[in-house]
Every structure is written in structure tokens, then in C-alpha cells.
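Chain by chain, the residues run as shown.
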Amino acid sequence: MASFRLGMIGCGTVGSGVLEILHRRRDALKRLLGRGIEVARIAVRDPDRPRHQVYGFVDPDVFTGNVARVIEDDSIELLVEVAGGVDAPRDWMVEALRRGKDVVTANKATLAFHGEEIFQVARECGRSVYYEASVAAAIPIIEMLQNGLVANQVTRVLAILNGTCNYILTRMELDGVDYGVALRQAQEKGFAEADPTLDVSGEDAAHKLALLARIFTHSYVPVDRIFTEGIQRISREDMAFAEDLRYRIKLLAIAKLSEEGAWDLRVHPAMIARDSILAQVQEEYNAAYVKGDAAGPMLIYGNGAGSFPTASSVVADIVRAVKGDRPVNGEEPQESVQLVPIENVSLRNYIRTIVLDVPGVLGRITSHFGMRGISIASIRQPEAKVGQPVPVVLVTHKAPDKVVTDSLCELERVGLLLEPPTRIRIEE
Ligand code: HSE
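What counts, and where the lines are drawn
- Residues numbered from 1 in each chain as written.
- Predicted model: local features only at pLDDT ≥ 70, side-chain atom pairs only at ≥ 80, totals over all residues.
- Heavy atoms only, no water.
- Domains from an automatic or database assignment.
- Contact = heavy atoms within 4.5 Å.
- Buried area = accessible area lost by both parts, 1.4 Å probe.
- Near = heavy atom within 4 Å.
- Polar contact = N/O pair within 3.5 Å; in protein donor to acceptor, adjacent residues only side chain to side chain.
- Areas by Shrake-Rupley, 256 points an atom, 1.4 Å probe, with all protein chains shown as cover.
- 1 Å grid on protein atoms, 1.4 Å probe; cavity = no way out; pocket = protein on both sides within 12 Å on 5 of 7 lines; lining within 4 Å.
- Sits in = over half its atoms within 2 Å of the grid points.
- Helix = DSSP H or I, 4+ residues; strand = E, 2+ residues; numbered from the N terminus.
- Nonpolar A, V, L, I, M, F, W, Y, C, P; charged D, E, K, R; others polar.
- Points joined across faces, edges and corners; volume = space filled by probe spheres on them.
- Axes fitted to C-alpha atoms, helices over the stretch in contact; angles between N-to-C directions.
- Parallel < 35°, antiparallel > 145°, perpendicular 65-115°, else oblique.
- Phe/Tyr/Trp six-rings, centres within 6.5 Å; stacked < 30°, edge-to-face > 60°.
- Buried < 20%, exposed > 50% of the residue type's maximum accessible area, 1.4 Å probe, protein only.

Draft legend 1. Structural view of the domain arrangement of the chain. Along its sequence, the chain is carved into domain 1 (4-134), domain 2 (141-304) and domain 3 (345-426). Placing the centre of domain 2 and that of domain 3 at their C-alpha centroids yields a distance of 26 Å. Between domain 2 and domain 3, the residue contacts involve 18 residues of the former and 18 residues of the latter. Where domain 2 abuts domain 3, roughly 1,500 Å² becomes buried across the two surfaces, and 59% of that area is made up of carbon and sulfur atoms.

Right under this line is the structure:
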């Protein structure tokens, strides 16, 4: 049987991993599929740049600077998009689908913003979009939600979906390095997006949560409706206080189904119990705690970023496409999702600020919260010198998010604080 011809756009961290795996596993994949896989064309920004690391896996003359040579080549059956970006990949995917190609992509940003249109075009054209690699790299979480848990009403997901943030938080905690140093290390290791702001701002995790939520809510979930906060303001002091309080700080992607049938969807740094399962997920690893009404709770864990882990899922999707397995995601969203606004979510909070150690300051702060109905569960203040700045850490009992947010804004205006407070939500 003739080889299956695919075309790729992009050949960076993920693309080069895909080429190496296809080469390494060539014989095994051929046995499995009954035909070989040929990478017929690869579009890259600069085709003349030497790419010695992949020349052992593909011929140098497959490279082109012209994406049309991939998309418009009718002998190519599948487009593998691993270039990144948001709008241009949308155009490539739509055009490839219209020309009768299936699409494999690792691009969560494009799918989060343009997924509805792309899936609609795929339905119209009878083609498929495979995107396992776009969420949690090597972890087959899309497969799990689309197929393995299809009998369930998923009621809860608590997930670590950004490898870069998890790596940064781990290095800050274990090595005591600053945020900037840890971020540079994550970039050097190839975990971060081309624009790492997407990682540290929580947006990348929100894109991934939107894609997952689309599956388990059976609805289109606009990414801008997911409350999103990043890790940029987390400091070494917060790490130390978290340890003292028996918590660990993680960037969590959260989905909870309320009794009324609305979804609480959010991404933010959260303090979680140090002995909880998710707190053990360190370095660039990702994990998702998923609860289904029939299956009960489960945890899926693995490499969430990097060349081979992401390429592993891209190649799995290539195999699905060659076999003609049609993903369930082609279905049209059935319902419009009801969301719980962040303002109404009631959580405990960690609040850290710096004050001058003068008589009455703690009393004024606690009564500020008390007057607004926020009950303080604990206060920490290290030994201070009179008249000197000193950190103060408060842990609140559960309070509606908006009440806490408004109280912190008002407290800043009162003039007691020497720096704006850091607030980290506590997820039990
Ligand atoms: N930048 C992403 C992360 C890569 O750090 O998780 C995988 O999507």
C-alpha cells in the first residue's frame, strides 16, 4: 500500500520531536498501520536555515517557505500544524479542511479562539481535527474525556495544565530562586510558549481548560468567560508562608459543576494542602483530578510540556488519522453553558501584605475585614522592630470572592499598607 503522505507546518521544539519519533518508530508504525508514513513537505519560516538535528529523519528538500505547498498539495492527506500562533493557523486549518485534509494540531490558542469555526468547517467537509497534544502534552486527557469517561457526567476537574508555571513554582519552592530565574530555566528547557507571557499569565492553562470544558460540558466555552489570573506576583515569601501553613502553591485549572447545573470555571494560583495528591505534582509535570458521576474520582499524571512528550500525542493523533478513527469532538455543541461568575465563588484566602509595625495596625486591618463580613481564620506576623516594615499574613474563612476583592481594594486606599496585598485563593 502506498505511504500515507502528511505535510507539516512548523518544525521547532514539537515538530522536530515528531520527526524523530516517526523515524524511530517507523517499522512499528508501519506494522500497525499496514503502510508507511511519509513526511512529504514541511513549511517553515526560513527553509534555508540548516536543520541538522532533523536531516537524519527527513530529506532537506522537503522544507519550503511556502505554506501553500503543504495545504494545496492534493497528494497530502493530513496537515500537522505545530507552528504556534493564533490567527494564521486558523486560516491554514480551515483551508486544509476545505481541501479535504484532516488536521492534527498542538495549538490550544487557535482552538480556544477559533475552535468553533474550525470544528464547524470540519463537520461540513466530513473531516476531523485531532488535538490531543494541545492539552497536557503527553497525557491522553482528551481521549479520556471523549471516550473513556463518555458514560459519565463529569462533575469536577482540578488540574495542573501548564508545565512552565509548575516548573517555575517548583524551582522557587525547592531552590529558593526568584521568579525571573526560574522562568529563564523553563524557557531554556523548551517548556514555555514562544511568548512566555501566555504561560505565566494563566492564559495558556485557560485555553486548555476551555478545550477540556467543551468536551465535558458539551458546550462551546468562550475562553474570555474563564476567570484567569497568573503567577507573576507569587514571591519567595509566599512560598515560605505556604510551607508554614502546610500548603503548596499551584496554578490550577478548575471546573466544578454546581447543584444548580452551572459551571465554576477558573484558572489561578491556588494554595492546596501539602499532602494532597495534586501537591505532589512537581517540575513540568501536569495532572488532572477528574470526578465522574459513575467512575468516581481519578487522577491522570504525566509530562505536560517539552518536545517528545508533546510529539508523543501528535504522533498518536497522526496514527488515529491514518487509521480513520473519527474523534467524537466533531459533534456540534448541544447546550449553552451556564457559568458561575467568580464574584459568587466562596473560598478561603491567603492575604499577604507589608505594614509598618505601629500600635493598632493589626487591629485596624482585622476590623476592616470584620466590618465587611470576612472572618479571619489565622494571622501570622514574624517578630518585628517597632516602626519597621513587617509582613502580615491573614488566612480568611470562606467568603464570596467579590467581597474579598472589594475589601482588598478599599484596604489599599486606607493607606495602612506599604505594598499592595498578594491574595492567593485556597482550594480545599
Ligand atoms: N507552554 C506549555 C506549558 C507547553 O508550559 O505547559 C505545553 O502546552
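Draft legend 2. Region of interest: the site of the ligand. In the vicinity of the ligand there are 13 residues, among which Lys108, Gly163, Thr164, Glu193 and Asp199 approach most closely. Contacts to the ligand include Glu193, whose side-chain N or O atom sits 2.6 Å from a nitrogen atom. At a separation of 2.7 Å, a nitrogen atom of the ligand approaches a polar side-chain atom of Asp199. With the chains in place, 95% of the 260 Å² that the ligand exposes on its own is no longer accessible. Put simply, the ligand lies in the largest pocket. At the level of secondary structure, the elements contributing two or more residues to the shell around the ligand comprise helix 8 (163-175) and helix 11 (203-217). Each residue belonging to the shell around the ligand can be placed in one class, and the counts come to four nonpolar, four polar and five charged.

Draft legend 3. Region of the structure containing empty space enclosed by the protein. Per the stated rule, a full pass over the model turns up two cavities of 30 Å³ or more. Here the largest cavity defines a volume of roughly 50 Å³. Around the largest cavity sit Leu111, Ala112, Gly115, Glu116, Phe119, Ala210, Leu211, Arg214, Tyr220 and Val221, which together line it. Those elements that place two or more of their residues in the lining of the largest cavity are helix 6 (108-125) and helix 11. Of the residues that constitute the lining of the largest cavity, the class distribution is seven nonpolar, one polar and two charged.

Draft legend 4. Region of the structure containing the packing of helix 6 against helix 11. Between helix 6 and helix 11, whose axes approach to 8 Å, the crossing angle comes to 30°. Considering their axes alone, helix 6 and helix 11 lie roughly parallel with respect to each other. Taken together, the residues of helix 11 that come into contact with helix 6 (itself represented by Lys108, Ala109, Leu111, Ala112, Phe113, Glu116, Phe119 and Arg123) are Asp204, His207, Lys208, Leu211 and Arg214.

Draft legend 5. Summary view of the packing of aromatic side chains. Under the defined criterion, the tally for this structure stands at five aromatic pairs. Ring centres of Tyr167 and Phe191 lie 5.4 Å apart, and the angle between their planes is 65°; on these two criteria the pair is classed as edge-to-face. Of this pair, Tyr167 sits in helix 8 while Phe191 sits in the loop between helix 9 (179-188) and helix 10 (197-200), and the two are 24 residues apart along the sequence. The same class applies to Tyr167 and to Phe191, which are both buried.

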